[in-house]
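Observations on the model geometry
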Amino acid sequence: MTKIAIKAEKISKAYFTDKIGTGTVTRDFERWLAGIRGKADPYLPAEPNSENNFNASQKVFWALKDISFEINQAEVVGLVGHNGAGKSTLLKILSRITTPTSGKITGTGHIISLLETGSGFHPELTGRENIHLNGAMLGMRKSEIKREIDAILFFAEVEKYIDVPVKRYSSGMYTRLAFSIASHLYSDVLIIDEVLAVGDHAFQLKCIKKLKSLSRDEGKTIILVSHNSENIKSLCHKEIKLTNGQLSCQ
Amino acid sequence: MKNNNSQSWTIQSTRSVTDFKLKQILNYRYLIYCLVHRDITALYKQTILGPLWLLIQPLLTTGVFTLIFGTLSKIPADGIFRPLFYLSGIITWNYFAECLNRTSTVFKDNRVLFEKVYFPRLIIPISIALSLLFRFSIQLLLLCTGIFIFHEHGTDFQYRWTIALLPLITLLMAFQGLGIGILMAALTAKYRDLTFLLAFSIQLLMYATPVIYPLSAVPVNLRWLILANPMTAIVETFRFSFFGSGSFSWINLLGSAATTIALLFAGLLAFHKAEKNFIDTL
Ligand SMILES: Nc1ncnc2c1ncn2[C@@H]1O[C@H](COP(=O)(O)OP(=O)(O)OP(=O)(O)O)[C@@H](O)[C@H]1O
Ligand SMILES: [Mg+2]
């Protein structure tokens, strides 16, 4: 029986493009008063009223609207859509970098994500130090990181540079290391946003092979964004397509 | 490899207090260790002055204070040898001010990191408070050396039970710096212009703390004002624990502890609320 790994129900995300957000003391005071009196929040983002999701009167932009989907365990899901469709926003919500404005996502297991460029490496620290720091940020213990460090370096092919500060790495090496860390440390769900694009062709193939094996052999659920339709086709069991922040039917 | 719990989780818009899990922090022990370690070694990797600065800064300040407040304006010092009086005030104040300064800008300083990786954000202020404790203990050694050297200069240092108060006030001081710091971090994440105000207020607040004067020198009708500052009882008790003189009272200390706990709770709630969405607007 397939188990559901992630279930999203009516996820919406509004961005306040207003320079100060809701960040004025008086506005917040009004919200607080309304809350105490049991009234509705006077500054709750209004529904989008124009075609491009933009509510001009409140300077609110809806990056995602009523997104619902289910992802099964060990499934590889491709998230596709045009630039600005809301893919990264959705992944950021799943990774807890930000929260949805409304809606709910439930799921099980530990999530590791690799969002757009880099993954929070510290430029002055060496490759080894960064593996430790990055692993620790992903919630790993020292023993786990030590056990995997050789495999991480071998996969990323940066063994020679292990004691060099990562600011001396090329951007490809940087990405390789980031991918290698994320894919070797323990997780149930792996989220990857357009990272494959940076590596060279050989490394891309290697990543695809690795991702396939992670899902098939280790039962990891994988969600990835890629603008390369071949990658998506060869890897993914399922596609989620976003258009202007909404799900489009396949 | 399945040592991490395959727990179920929920992501929602509502900022409920129930999904506020302090226990989760413990899963990130190694991260705290790494961050504290990095912070401490960064001190040594800097210039030669790096580690020495830890000692020079309080010594220079003590010198200036002794000159100005001791020689020129003659503010009393509770019968404590002046340089030691100022030094003890300075190192406790330094901890507090530095902790506040650094934790209050946590969101701004770590923005790039917070956009990439999720971990409980509270870990950053906690590691700042811990690594500053390391500095504090170095400066504490400086104070002890000073006490040892100036043994005869009217300090008449003896071992007293009061030194047993030291761990308690250190803990209180750390919680206070952390609590107010994260409260300010939450506020400045939202209202950015508060940052300037905050840096300025910290400077001013020093004058409302008995760093350059003892509480006993404050007119009785103004004491409540100085005592409203929770750092007051800490600085006074700190001196009392070493020198046995000064105005120590359990009531003041308990008042300060109660304020600290209240501030810490307020800070935790505000920080928890701020960490959810600050990345959208920063
Ligand atoms: N912090 C923010 N504040 C305001 N608007 C934002 C913010 N972040 C993203 N947006 C807007 O949300 C929309 C979706 O952005 P998102 O990054 O999710 O797109 P994407 O699908 O990942 O695009 P791409 O293919 O270019 O990576 C964009 O129009 C963007 O301008
Ligand atoms: Mg994107």
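Residues numbered from 1 in each chain as written. Chains lettered and ligands numbered in written order. Predicted model: local features only at pLDDT ≥ 70, side-chain atom pairs only at ≥ 80, totals over all residues. Heavy atoms only, no water.

All right, on to the overall build of chain A then. Per the secondary structure count, chain A includes seven helices and ten strands. Burial statistics for chain A: of 250 residues in total, 53% are counted as buried. In the structure as shown, chain A presents an accessible area of about 11,800 Å², 53% of it carried by carbon and sulfur atoms. (Helix = DSSP H or I, 4+ residues; strand = E, 2+ residues; numbered from the N terminus. Buried < 20%, exposed > 50% of the residue type's maximum accessible area, 1.4 Å probe, protein only. Areas by Shrake-Rupley, 256 points an atom, 1.4 Å probe, with all protein chains shown as cover.)

All right, on to the state of the cysteines then. Considering all chains together, one arrives at zero disulfides over all chains under this definition. Sulfur of Cys236(A): no disulfide; nearest cysteine sulfur belongs to Cys207(A) and is 14 Å away. (Disulfide = S-S within 2.5 Å.)

Here we take up the site of ligand 1. Asn83(A), Gly84(A), Lys87(A), Ser88(A) and Thr89(A) are the nearest of the 14 residues found near ligand 1. Site remark: ligand 1 is flanked by residues from chains A and B. Gly84(A) is positioned with one of its backbone polar atoms (N or O) 2.8 Å from an oxygen atom of ligand 1. Protein burial of ligand 1: of its 640 Å² of free accessible surface, 70% is covered by the chains. Contributing elements (two or more residues each) for the shell around ligand 1: strand 3 (60–72) and helix 2 (87–94) of chain A. Partitioned by chemical class, the residues of the shell around ligand 1 number four nonpolar, seven polar and three charged. (Near = heavy atom within 4 Å. Polar contact = N/O pair within 3.5 Å; in protein donor to acceptor, adjacent residues only side chain to side chain. Nonpolar A, V, L, I, M, F, W, Y, C, P; charged D, E, K, R; others polar.)

Attention shifts here to the pairing of strand 1 (residues 4–16) of chain A. All names here are of chain A. Across nine bridges, the pairing between strand 1 and strand 3 is antiparallel. From the neighbouring strand, Phe16 faces strand 3, where its bridge partner is Val60. One ladder, built from five bridges, connects strand 1 with strand 5 (residues 102–108); its direction is antiparallel. Following the sheet pairing, Glu9 is matched in strand 5 by Lys104. (Pairing = 2+ DSSP bridges.)

Purely geometric numbers; function is a separate question.
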